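# Observations on the three-dimensional arrangement
Read off the chains here:
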Amino acid sequence: MKHLEPNEPFYQISQAAKLLGITSDRLRTYEEEGLIKPYRTNHSKDGKRLFSQNDIDWLMIIRDLIKLGVSIPTIRILLSAKFSSSNPILKQRDIEIIELIKKLKNHAIYEQIEK
């Protein structure tokens, strides 16, 4: 049995949505907003969206940021900003957000989104 690489497209949109506990429409919104670029198959007019394990890991961080109340436009802005979590006036929620953004910036998907 072949071992899948973390960046190999595998999950269809409905499977990815189920893994993330969100709707397929929400995944389409993330794509429209430029937060993810799933692989597209060539065998149909629009191509099916396929998500890799790396995509799923990335989207889990996006989902967690949204659960903390961070909007999609704010996530896009934060991805281009620089942060320090050592500022003593930061609230715990702010530190959690900064740490999640750092995870996103260190993730393999980040370079694909920036293209």
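Keep in mind it's a predicted model, so treat the numbers as computed, not measured.

## A look at the overall build of the chain
The helix and strand tally for the chain stands at 6 helices and 3 strands. Mapped in sequence order, the helices and strands of the chain form the string β-α-α-β-β-α-α-α-α. Out of the 115 residues belonging to the chain, those deemed buried represent 36%. Taking the contacts inside the chain whose residues are at least 6 apart along the sequence as the reference set, 61% of them involve residues at least 24 apart. About 7500 Å² of surface is accessible on the chain, with carbon and sulfur atoms providing 51% of the total.

## Here's the deal with the pattern of salt bridges
Inspection of every chain in the model, using the stated rule, returns 6 salt bridges. In this structure, the salt-bridge partner of Glu31 is Arg40, at a minimum N-O distance of 3.2 Å. The class of Arg40 is partly exposed, set by a relative accessible area of 29%. Notably, a salt bridge pairs Glu33 with Arg76, separated by 2.4 Å at the nearest N-O pair. A residue pair is termed long-range when its members are at least 10 positions apart, and Glu33 in the loop between helix 2 (24-32) and strand 2 (39-40) and Arg76 in helix 4 (residues 72-80) qualify at 43 residues. Connected through salt bridges with shared partners, the residues Glu31, Arg40 and Arg49 form a single ionic network.

## What to know about the side chain of Asp55
Its place among the elements puts Asp55 in helix 3 (residues 53-67). The buried charged residue Asp55 lacks any salt bridge partner; its closest oppositely charged side chain belongs to Arg40, at an N-O distance of 11 Å. Polar contacts involving the side chain of Asp55 include one to the main-chain amide nitrogen of Ser52, which spans 2.9 Å. Apart from residues no more than four positions distant in its own chain, Asp55 is found in contact with Ile36, Pro38, Leu50, Ile109 and Gln112.

## Brief notes about the sheet that holds strand 1 (residues 11-12)
Here 3 strands make up an open sheet; going across it, the order is 1-3-2 and the pairing antiparallel. A strand with exactly one partner marks an edge of an open sheet, and here the two such strands are strand 1 and strand 2. Of the strand pairs in this sheet, strand 1 and strand 3 (residues 49-51) are connected by 2 bridges, and their pairing is antiparallel. Bridge assignment links Tyr11 to a residue of strand 3, and that residue is Phe51. Against the sheet, helix 3 contacts strand 1 and strand 3, and its axis sits at roughly 80 degrees relative to strand 3.

## Details of the packing of helix 4 against helix 5 (residues 92-106)
Two numbers describe a pair of packed helices, the interaxial angle and the distance between the axes. As a packed pair, helix 4 and helix 5 sit with axes 10 Å apart at the nearest point and diverge in direction by 70 degrees. Comparing the axis directions of helix 4 and helix 5 gives the class roughly perpendicular. Seen from above, helix 4 lies across helix 5 with right-handed handedness. From helix 4, Ile75, Leu78, Leu79 and Ser80 reach across to helix 5, where they touch Ile97, Ile101, Leu104 and Lys105. Of the residues assigned to the contact of helix 4 with helix 5, the class counts are 6 nonpolar, 1 polar and 1 charged.

What counts, and at which threshold
Residues numbered from 1 in each chain as written. Predicted model: local features only at pLDDT ≥ 70, side-chain atom pairs only at ≥ 80, totals over all residues. Heavy atoms only, no water. Helix = DSSP H or I, 4+ residues; strand = E, 2+ residues; numbered from the N terminus. Buried < 20%, exposed > 50% of the residue type's maximum accessible area, 1.4 Å probe, protein only. Contact = heavy atoms within 4.5 Å. Areas by Shrake-Rupley, 256 points an atom, 1.4 Å probe, with all protein chains shown as cover. Salt bridge = Lys/Arg side-chain N within 4 Å of Asp/Glu carboxyl O. Lys, Arg positive; Asp, Glu negative; His and termini not counted. Polar contact = N/O pair within 3.5 Å; in protein donor to acceptor, adjacent residues only side chain to side chain. Pairing = 2+ DSSP bridges. Axes fitted to C-alpha atoms, helices over the stretch in contact; angles between N-to-C directions. Parallel < 35°, antiparallel > 145°, perpendicular 65-115°, else oblique. Left-handed = near helix turned anticlockwise from the far one by under 90°. Nonpolar A, V, L, I, M, F, W, Y, C, P; charged D, E, K, R; others polar.

Function cannot be read off these values alone, since they describe shape.
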